[in-house]
Amino acid sequence: MEVDQKVAGTLRVTRDTDLPELRLEGEFDATQRTPFLDALADVTPTADGEIHLDLGRLRFLDLGALNLLVRYAKETDGKTRFVLHNIPPDVDGLIESLGWERMHGLLRAEEDDR
Amino acid sequence: MTGNTETLSPAKGPGTYDHRALFFEDEKDFLATTVPFLQEGVEADEVVMAVVTPDKIKLLQDALGPIGQAVQFADGTTWYQHPVQAMAAYDAFIKSQALRPIRLVAESNWEDRKAHEVVEWLRYDAIVNAAFRDNDVRCICCFDRRALHPDHPEILEYARYSHPELMDAGIARNNDEYLDPGSVSERCDRQFIEPSPASAASMQIEPTGLHAVRDFVAQHAQRHHMAAKPLRDLIVAVTEVASNAIRHGTAPITVKVWTADGGLFCEVVDAGQWHPDALVGYLPPRSAADPGFGLWGVRMLCDVVNVRATSEGTTVRLRTQL
């Protein structure tokens, strides 16, 4: 994949009016938390506490990002859950290796169920 | 041979954690202790498992007869490939048994261990005491004196540090040499490791330069034909280690990469003196929100992780098989 060197290593988060409401594109590591947290601040969870994220164009996600998502879900009110759509194979493999049971508050979107 | 009833008494009550080492000389010796131990578990309707080498599975099945059908057998050569992953597998297994008492006969495959693996397995045997001490688990770790690696006499020495009770020639006794898991882990950290070679490729890490670190390491790993999955794991691991060095360490921070003995080494060095707790990063965390999750994840994703803090700085070295 061709990567524009100016944006290499950055995370772009776009908002959609439909679900999933946040689309993540690029690389999500400790240097890229601000764009995510800024976008997240504008999102109102659904009535059952869900925030839907589209990860389809995410090239990299680190352990700190998983820690951030799980902590956010836990610390908000314990009801918030991130529903993950279009999880890239590398991210999926990483979460599988470390165990979905440790990812409280993260769910695979139903249409992605295998 | 002492009667086996004596070796297994006094029976411990529920909720106890019991981790014994059995040193044996031959099959007869092995069966004399393990068979009654497993039988007693089956009769008490406990979860009974043997994670041993394939030849010992056959031996136990033959000796147990029909009662052996109530014993779960797993191939130790598959189970014991990676210490931190093996501990996570036991953690998942214990949690899946809904608080039923568990009885386990375990045997690692020392014969094929390489030097860099031996020390991590010795550490593992100590850290399980911290990981599972609140569980109702009784485990006998079996050491076949004939199969122990001749270059590693420390295996028996560390087995004495890591098992509160020892069984030798069928006799159980309290072990005065037992050390707490953190002390054993620190001893393991003190084992000599070669310094990074002068020929290692190196790059300085900038506070915002995590992408550059990934690029640098990936290029070197690809040059050495690292397969896709270990490469993905290494890139996640080195990003975490570099993030830690930026957060806790002191500049300058450097990443170095080199190959040796069939492995790719990747080392992050900073000028600070941070050091994680001796057990953090080994115990399986309950949640990705836990403080030790990052370092544990790194240990899950690499073959070996060494953390060293000296007066000159802190070094975290990752090894990935090529």
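Above this note sits the structure.
Residues numbered from 1 in each chain as written. Chains lettered and ligands numbered in written order. Predicted model: local features only at pLDDT ≥ 70, side-chain atom pairs only at ≥ 80, totals over all residues.

A. Region of the structure containing the overall build of chain B. Along chain B, the regular secondary structure elements total 11 helices and 12 strands. Against the globule reference of 20 Å for 322 residues, chain B gives a C-alpha radius of gyration of 21 Å, in line with a compact fold. Dimensions along the principal axes, computed over C-alpha positions, put chain B at roughly 65 × 35 × 35 Å. Buried residues in chain B amount to 45% of all 322 residues. (Helix = DSSP H or I, 4+ residues; strand = E, 2+ residues; numbered from the N terminus. Rg over C-alpha atoms; globule rule 2.2 N^0.38 Å. Buried ≥ 20, exposed ≤ 12 C-beta atoms within 10 Å, placed from the backbone.)

B. Up close: the sheet that holds strand E4 (residues 81-85) of chain A. Residue and element names in this part refer to chain A. Strand order across the open sheet formed by five strands is E1-E2-E3-E4-E5, with mixed pairing between neighbours. At either margin of the open sheet sits one strand with a lone partner, and together these are strand E1 (11-15) and strand E5 (106-108). If you compare each strand with its neighbour and ignore which way they point, the axes differ by 30° on average. Lying on the sheet, helix H1 (residues 33-41) is in contact with E1 and strand E2 (22-28); it crosses E1 at an angle near 10°. (Pairing = 2+ DSSP bridges. Axes fitted to C-alpha atoms, helices over the stretch in contact; angles between N-to-C directions. Contact = placed C-beta atoms within 7 Å.)

C. Up close: the environment of Val51(B). Note on placement: Val51(B) falls in strand E2 (residues 47-52). A residue is classified by how many C-beta atoms lie within 10 Å of it, and Val51(B), with 25 of them, is buried.

D. Representation of the interface of chain A and chain B within the structure. Contacts between chain A and chain B engage 22 residues on the former and 19 residues on the latter. Elements with a minimum of two residues in the side of chain A that touches chain B: helix H2 (63-76) and helix H3 (89-98) of chain A. Here the element with the most residues in the side of chain A that touches chain B is H2(A); it accounts for seven residues. Split into classes, the residues belonging to the side of chain A that touches chain B amount to eight nonpolar, seven polar and seven charged. (Nonpolar A, V, L, I, M, F, W, Y, C, P; charged D, E, K, R; others polar.)

E. The pairing of E4(A), seen in detail. Residue and element names in this part refer to chain A. With five bridges joining them, strand E3 (residues 50-61) and E4 adopt parallel strand pairing. Bridge pairing in E4 places His-52 opposite Val-83. A crossover connection joins E3 to the parallel E4 through H2; in handedness this β-α-β unit is right-handed. As judged from the three bridges shared by E4 and E5, these two strands associate in the parallel manner. Looking across to E5, one finds that Phe-82 is bridged to Leu-106. (Right-handed = clockwise from strand over helix to strand, strands pointing away.)

F. Spatial organisation of unusual backbone geometry. The amide bond that connects Leu19(A) to the next residue, Pro20(A), takes the cis arrangement and shows omega of -10°. Mapped onto the secondary structure, Pro20(A) falls in the loop between E1 and E2. A cis amide bond links Ala251(B) to the next residue, Pro252(B), at an omega of 0°. As for its position among the elements, Pro252(B) is in the loop between helix H10 (228-248) and strand E9 (253-260). With phi around 70°, Leu99(B) is a residue other than glycine that occupies positive phi space. The backbone of His225(B) shows a phi angle near 60°, a positive value even though the residue is not glycine. Along the chain, His225(B) turns up in the loop between helix H9 (210-223) and H10. Exposure remark for His225(B): the 8 C-beta atoms within 10 Å place this residue in the exposed category.

G. Main features of the pairing of strand E4 (residues 102-106) of chain B. Residues and elements named next belong to chain B. For E4, the buried fraction is high: five of the five residues fall into the buried class. The alternating pattern of E4 places Ile-102, Leu-104 and Ala-106 on one face and Arg-103 and Val-105 on the opposite face, and all of these are buried. Sheet topology places E2 next to E4; five bridges connect them, and they run parallel. Looking at the pairing, Val-51 lines up with Ala-106 of E4. The pairing of E4 with strand E5 (residues 137-144) spans five bridges and is classified as parallel. Bridging from a neighbouring strand, Val-105 pairs with Ile-140 of E5.

H. The packing of helix H5 (residues 83-96) of chain B against helix H6 (residues 115-131) of chain B, seen in detail. Residue and element names in this part refer to chain B. Packing of H5 against H6 leaves a shortest axis separation of 10 Å and a crossing angle of 30°. One finds that H5 runs roughly parallel with respect to H6. H6 is crossed by H5, and the crossing has right-handed handedness. Contact residues: Pro-83, Ala-86, Met-87 and Asp-91 in H5; Glu-120, Trp-121, Tyr-124, Ile-127, Val-128 and Ala-131 in H6. Residues that form the contact of H5 with H6 fall into these classes: eight nonpolar, no polar and two charged. (Parallel < 35°, antiparallel > 145°, perpendicular 65-115°, else oblique. Left-handed = near helix turned anticlockwise from the far one by under 90°.)

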